[in-house]
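Observations on the three-dimensional arrangement
Here is what each chain is made of, one letter per residue.
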Amino acid sequence: MAIQILVGTFLAILTVDVVLRIVYGRKALAMLDSMPPFNVVQSPPQKQATLFETVTDDGVTLRGSIYHSEGESPQGVIIFCPETLANHWSAVRYCQGLMDAGYIVVSFDFRNQGESDHYKRYEPLHWVSEFEVKDLHTIVNWVKDQESFADLPLGVFGVSRGGATALKAARNHPDIEYVCADSCYTNYLLVMHYVHRWVRLIVPEWIIQVRRTMWHATSTVEIAFFIQQFRKGCRYLNSSEPFTKMKNKHVMLIAGKNDSYVPVTIAERIQEMLGKQCETLWIVPKVAHNGARAKYPEEYDQMLVTFFSQMPTLDPVISPEVPVNQLTQQSTESLISN
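Report follows, based on the coordinates. The residue numbering used here restarts from 1 in each chain and proceeds along that chain's sequence as written. The predicted origin of the model limits local features to residues at a pLDDT of at least 70 and limits the giving and counting of side-chain atom pairs to 80 or more, whereas totals for whole chains, interfaces and linings rest on all residues. Side-chain metrics rest on all non-hydrogen atoms present in the structure, leaving aside hydrogens and water.

1. Thoughts on the environment of T313
Worth spelling out the cut-off: Secondary structure counts use DSSP, requiring at least four H or I residues in a row for a helix and at least two E residues in a row for a strand, with both numbered from the N terminus. In this scheme, a residue with accessible area under 20% of its type's maximum is buried, one over 50% is exposed, and one in between is partly exposed, where area comes from a 1.4 Å probe on protein chains only. Here, two residues are considered to be in contact whenever any of their heavy atoms come within 4.5 Å of each other.
Tracing the sequence through the fold places T313 in the segment after α11 (297–308). A relative accessible area of 38% means that T313 is categorised as partly exposed. Once residues lying within four places of it in the same chain are set aside, the contact partners of T313 are Q75 and P153.

2. A word on the sheet that holds strand β7 (residues 250–256)
The test is simple: For two strands to pair, DSSP has to find at least two bridges joining them. Here the axes come from fitting lines to C-alpha atoms, over the contacting stretch only for helices, and the angles between their N-to-C directions go from 0 to 180 degrees.
Judged by pairing direction, the sheet is mixed, and its eight strands sit side by side in the order β1-β2-β4-β3-β5-β6-β7-β8 without closing on themselves. The two strands at the open ends of the sheet, each matched to only one other strand, are β1 (50–55) and β8 (280–284). Neighbour-to-neighbour, the strand axes of the sheet open up by a mean angle of 20°, direction not taken into account. The pairing of β1 with strand β2 (residues 61–67) spans six bridges and is classified as antiparallel. From the neighbouring strand, T54 faces β2, where its bridge partner is L62. Relative to strand β5 (residues 154–159), helix α5 (residues 161–172) is tilted by about 140°, and along the sheet it contacts β3 (76–81), β5, β6 (178–182) and β7.

3. Structural notes on the nonpolar core
As a reminder of what qualifies: As used in this record, nonpolar core signifies buried Ala, Val, Leu, Ile, Met, Phe, Trp, Tyr and Cys residues forming a set joined through side-chain atoms within 4.5 Å.
With 62 residues, the main nonpolar core has I79, V106, L136, V143, L167, L253 and I270 as its most contacted residues. With residues near it in sequence (within four places) discarded, L167 still touches V179, A181, C184, F243, M246, V251, L253 and I270. One finds W89, A91, Y178 and I254 within the second-largest nonpolar core, a separate group that totals 29 residues.

4. Details of unusual backbone geometry
In this structure, S183 is a non-glycine residue whose phi angle is positive, near 60°. Here S183 shows up in the loop between β6 and α6 (187–202). Exposure remark for S183: the relative accessible area of 4% places this residue in the buried category. Even without glycine at this site, N248 takes up a positive phi of about 60°.

5. Section: the pattern of salt bridges
How we decide: Each salt bridge in this description consists of a side-chain nitrogen of Lys or Arg and a carboxyl oxygen of Asp or Glu lying within 4 Å of one another.
Summed over all chains, the structure comprises twelve salt bridges. A single salt-bridge network, built from bridges that share partners, covers E53, R63 and D117.

6. Re the side chain of T165
Inspection of the secondary structure assignment puts T165 in helix α5. Each residue touching T165, except ones within four places of it in the same chain, is listed here: F110, V128, E132, V133 and L136.

7. Considerations on the packing of aromatic side chains
Our working rule: Here a Phe, Tyr or Trp ring, Trp counted by its six-membered ring, pairs with any other such ring whose centre lies within 6.5 Å, and the pair is stacked when the planes are under 30 degrees apart, edge-to-face when over 60, and tilted otherwise. A ring is scored as having a charge over it whenever the NZ atom of a lysine or the CZ atom of an arginine sits within 6 Å of its centre and within 35 degrees of its normal.
What the rule picks out here adds up to twelve aromatic pairs. When the centroid spacing of 6.3 Å and the interplanar angle of 50° are considered together, the rings of W282 and Y300 count as tilted. Of this pair, W282 sits in strand β8 while Y300 sits in helix α11, placing them 18 residues apart in sequence. Each member of the pair, W282 together with Y300, is buried. On the numbers, 5.0 Å between centres and 70° between planes, the contact of F307 with F308 is edge-to-face. Each member of the pair, F307 as well as F308, is classed as buried. Taken together through their ring pairs, the aromatic side chains of F80, Y94, F157, W282 and Y300 make up a single cluster. We note R111 situated over the ring of Y119; from NZ or CZ to the ring centre the distance is 5.1 Å. Here R161 stacks its cationic end above the ring of F110, 5.4 Å away from the centre of that ring.

In structure tokens:
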């Protein structure tokens with residue numbers, strides 16, 4: 001009799017737990033599916049840019065633009081990864097200082113964004129998936145294959161999801177050694193921030209008080225995140241410790257002090273995980289998400305140029321034999337001229 005009571009009690013508790021997870025898991029899915037109002041300012045096409053395109057190994061055409069100030073000896077190549085909802089033309093909003101300093105900037109649109117092809121089975125959000133990392137790896141490999149860039153050091157600069165993608169891609173790509181990430185995050189750190197901030201909108205107060213722990217709410221959201229992958233046709237990169245095994249990388253982080261989407265604590269945690277590989281975390285006062293350059297353009301540009309100037313170069317550093325605006329003559333299959 002006692003055993004039957006114990007089994008019955010256990011099944012009752014299990015049933016309640018499952019029901020609660022279903023009910024509040026749906027609310028968690030709605031939260032994960034809701035993209036913050038980023039208010040991205042769209043940049044118009046730039047006449048000075050050279051257009052290009054290349055194809056990923058799963059058949060998606062990525063498109064972008066190349067910028068280089070005329071008369072400047074190229075100091076290196078910086079791949080720019082735009083924020084969610086922006087396009088490759090936004091490079092001029094964040095990279096003008098690098099262009100003025102002689103860096104060639106290669107900006108591109110991730111799949112399902114801007115002018116790049118749409119992958120039918122994938123519905124992107126602000127969460128970083130395997131596809132964004134694949135796309136960046138494709139662009140890095142394309143840059144390394146261009147003869148005009150052969151003797152130039154390579155860096156990657158990204159904003160928001162673009163910065164988060166740059167950090168994730170750097171872990172597994174040997175050619176990505178220098179990364180600057182503005183307003184970046186990891187999926188895990190950001191969703192845990194949302195859980196602690198909005199948990200009482202998802203889970204009743206009495207459950208939190210009874211449990212005396214965030215474990216139940218956290219695990220429910222993690223399950224919802226797992227389900228979300230099937231709904232969006234992707235695999236999200238949700239590791240809680242994604243940078244602990246990174247070696248020989250150099251990272252600079254930029255974070256807005258007043259960022260309500262990605263709080264400074266996330267940048268601080270990323271710096272902690274990176275250790276000596278991230279010596280610089282610039283916390284910009286009175287700045288919201290992605291707003292550092294708009295408020296402090298001179299300081300922002302100087303920080304970027306100083307950081308990427310540390311990239312090792314081959315001696316002697318020479319200008320490409322073929323000008324950037326004539327790259328189409330080198331690879332007609334992967335580039336298009338404007």
